Amino acid sequence: MWRSRKSRDRRTVVCIACGESLLREDAREYDKEGNRWDRRDKEFEFLCTSCDDELCHQPREGLESLLVSIESDELSRAEFIDRYADAVGAGGSTERSERD
Ligand SMILES: [Zn+2]
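A brief report on the enclosed structure follows. Since the structure is predicted, the reported quantities are computational estimates derived from the model, not experimental observations. (Residues numbered from 1 in each chain as written. Predicted model: local features only at pLDDT ≥ 70, side-chain atom pairs only at ≥ 80, totals over all residues.)

### Some thoughts on the overall build of the protein
Cut-off, in case you're wondering: Every helix listed is a DSSP run of H or I at least four residues long, and every strand listed is a run of E at least two residues long, numbered separately from the N terminus. Here a residue counts as buried when 20 or more other C-beta atoms sit within 10 Å of its C-beta, as exposed when there are 12 or fewer, and as partly exposed otherwise, the C-beta atoms being derived from the backbone.
What the protein contains, in helices and strands, is three helices and four strands. Helices and strands appear in the protein in the N-to-C order β-β-β-β-α-α-α. Buried positions account for 6% of the 100 residues belonging to the protein.

What follows is the structure, given as structure tokens:
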């Protein structure tokens, strides 16, 4: 289906984390419901690879259900991010990259 041999997917998508535009084929799909394999009636969101890499440093347990639980239709993106920050307890100063 989406495995067309001659035409690659040249559409552009926007990373939901940093807002960067990138080719869809270079983006990582992000399914907030945590089930990328069920593709029916779904719209995926996308992350660029660097944001996706950063995500992997975070504990993933319960993340999708958390996101689904705080999401609601009338929520603006900023409000959503606010709620998310509350829910994960962000704002502390323990957030240090452990790279290198
Ligand atoms: Zn990004």
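### A closer look at the environment of Phe-46
Operational definition: Any residue pair is listed as a contact if its two C-beta atoms, each placed from the backbone, are within 7 Å.
For Phe-46, the position within the fold is in strand E4 (residues 45-47). Sequence separation between Phe-46 and Ala-17 is 29 residues; the distance between their C-alpha atoms is 8.5 Å. When sequence neighbours within four positions are dropped, the list of residues in contact with Phe-46 reads Val-13, Val-14, Cys-15, Ile-16, Arg-24, Ala-27, Arg-28, Glu-29 and Tyr-30.

### Topic: the packing of helix H2 (residues 63-70) against helix H3 (residues 77-88)
Applied cut-off: Every angle, taken between N-to-C directions, lies between 0 and 180 degrees, and every axis is a line fitted to C-alpha atoms, over only the stretch in contact when it is a helix. Roughly parallel refers to an angle under 35 degrees, roughly antiparallel to one over 145, roughly perpendicular to one between 65 and 115, and oblique to any angle outside these ranges. With the far helix as reference, a near helix turned anticlockwise by less than a right angle produces a left-handed crossing, and one turned clockwise produces a right-handed crossing. Residue polarity follows a fixed list, in which Ala, Val, Leu, Ile, Met, Phe, Trp, Tyr, Cys and Pro are nonpolar, Asp, Glu, Lys and Arg are charged, and the others, Gly among them, are polar.
Where H2 meets H3, the axes come as close as 10 Å, and the angle between the chain directions of the two elements is 135°. Between H2 and H3, the interaxial angle falls into the category oblique. Note on packing geometry: the crossing formed by H2 with H3 is right-handed. For the pair formed by H2 and H3, the contact residues are Leu-66, Leu-67 and Ile-70 on the first element and Phe-80, Arg-83, Tyr-84 and Ala-87 on the second. Residues of the contact of H2 with H3, tallied by class, amount to six nonpolar, no polar and one charged.

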